[in-house]
Amino acid sequence: MPIINESIVYDEECLAIIAAKKSDPHFTHVNWGDDDLQDLRSKVRNYYRNAQRLTCVYCQERIGVRAAHAAPIEHIVPKSQYLAFIFEPKNLCVICPDCNEYKGKNEVMYEPVIKGPRRVRYPTVSSAFQIVHPHYDDYAAHIMKANRVYIDRTPKGHYTIGVCKLNRFFHYFGACDEFINDAELAEANDLFFSTGTVDTHALIHDAAETQ
Ligand SMILES: [Zn+2]
């Protein structure tokens, strides 16, 4: 089941400001930070904090409860590339500051960004996206998380781990006994060795060598 079951439904106040912004011929993605959108941003942030139970959709670690900077609003399809989706409820969620830093403006749809007239309807199917989409995809079907180690199960999982640098913890610190000996990881190892598909020891070794 996707981490987000229901996307935000804007109230009248939000709909009015969205209409006003969209009718402004000078409106760009930079205006997302405008003062008159502060109330809307706050509603979006709080809605998805609740919907996601304070979990980042990419790394599945905790996000901040109160401070706005601890739960940045994520435009899954970057707002700088597809302005048409800047207020699209299914394009929004909250993530942790680290995932926000890493994912940045990376392309997430299979269709390349094109100049001129752009796609105006938000894709409604998972297959349109390279990234694990929190409104459409079951995270566990694509990525296995064992403590701080992320293992791809599908190409989507692989892309998401790469674009958000989910194994950053090991890239930063290298492998250490505290985590290698973790019971959860050992259990994951057993599971994957028994299926004969993934060598987590090799994965940790590789991560340690790239630091
Ligand atoms: Zn994260």
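All values derive from a computational prediction rather than experimental measurement.

Draft legend 1. Region of interest: the nonpolar core. Counting residues in hydrophobic clusters, the biggest one holds 46 residues, and the most contacted among them are Tyr10, Leu40, Tyr58, Phe87 and Leu166. Contributions of two or more residues to this core are made by helix 1 (12-23), helix 2 (38-51), strand 2 (92-94) and helix 5 (155-163). The two domains that each donate at least three residues to this core are domain 1 (12-126) and domain 2 (139-209). With residues near it in sequence (within four places) discarded, Leu166 still touches Tyr58, Cys59, Cys99, Tyr139, Ile143, Arg148, Tyr150, Thr160 and Ile161. Ala146, Val149, Ile151 and Phe169 belong to the second-largest nonpolar core, a separate cluster that totals six residues.

Draft legend 2. Geometry of the pairing of strand 3 (residues 143-146). Sheet analysis places strand 3 next to strand 4 (residues 149-152), joined by four bridges and oriented antiparallel. Bridge assignment links Ala146 to a residue of strand 4, and that residue is Val149. Here strand 3 folds back onto strand 4, and the loop between the two strands holds two residues, one of which, Asn147, carries a positive phi near 55°.

Draft legend 3. Inspection of the environment of Phe169 at higher detail. Structurally, Phe169 is set in helix 6 (residues 168-173). By relative accessible area, Phe169 is classed as buried at 15%. Between the C-alpha atoms of Phe169 and Arg148, which are 21 residues apart in sequence, the distance is 6.8 Å.

Draft legend 4. Here's a closer look at unusual backbone geometry. At Leu54, a position not held by glycine, the phi torsion is positive, near 60°. Looking at where Leu54 falls in the secondary structure, it is placed in the loop between helix 2 and strand 1 (73-75). Although it is not a glycine, Lys165 sits at a positive phi angle of roughly 45°. In this structure, Lys165 sits in the loop between helix 5 and helix 6.

Draft legend 5. Geometry of the coordination of the zinc ion. The protein atoms that coordinate the zinc ion are Cys56 (SG), Cys59 (SG), Cys96 (SG) and Cys99 (SG), at distances spanning 2.3 Å. Considering all four donor atoms around the zinc ion, the spread of angles at the metal, 104 to 117°, places the coordination shape in the tetrahedral class. Going along the chain, you hit the donors of the zinc ion in the pattern C-x2-C-x36-C-x2-C. Per residue, the accessibility class of Cys96 equals that of Cys99, and both read buried.

So, how was this worked out
Residues numbered from 1 in each chain as written. Predicted model: local features only at pLDDT ≥ 70, side-chain atom pairs only at ≥ 80, totals over all residues. Heavy atoms only, no water. Core = buried A, V, L, I, M, F, W, Y, C linked by side-chain atoms within 4.5 Å. Buried < 20%, exposed > 50% of the residue type's maximum accessible area, 1.4 Å probe, protein only. Helix = DSSP H or I, 4+ residues; strand = E, 2+ residues; numbered from the N terminus. Domains from an automatic or database assignment. Contact = heavy atoms within 4.5 Å. Pairing = 2+ DSSP bridges. Donors = N, O, S within 2.8 Å, 3.2 Å for Na, K, Ca; no water. Tetrahedral: all angles 85-135°; square planar, octahedral: opposite > 155°, others 65-115°.

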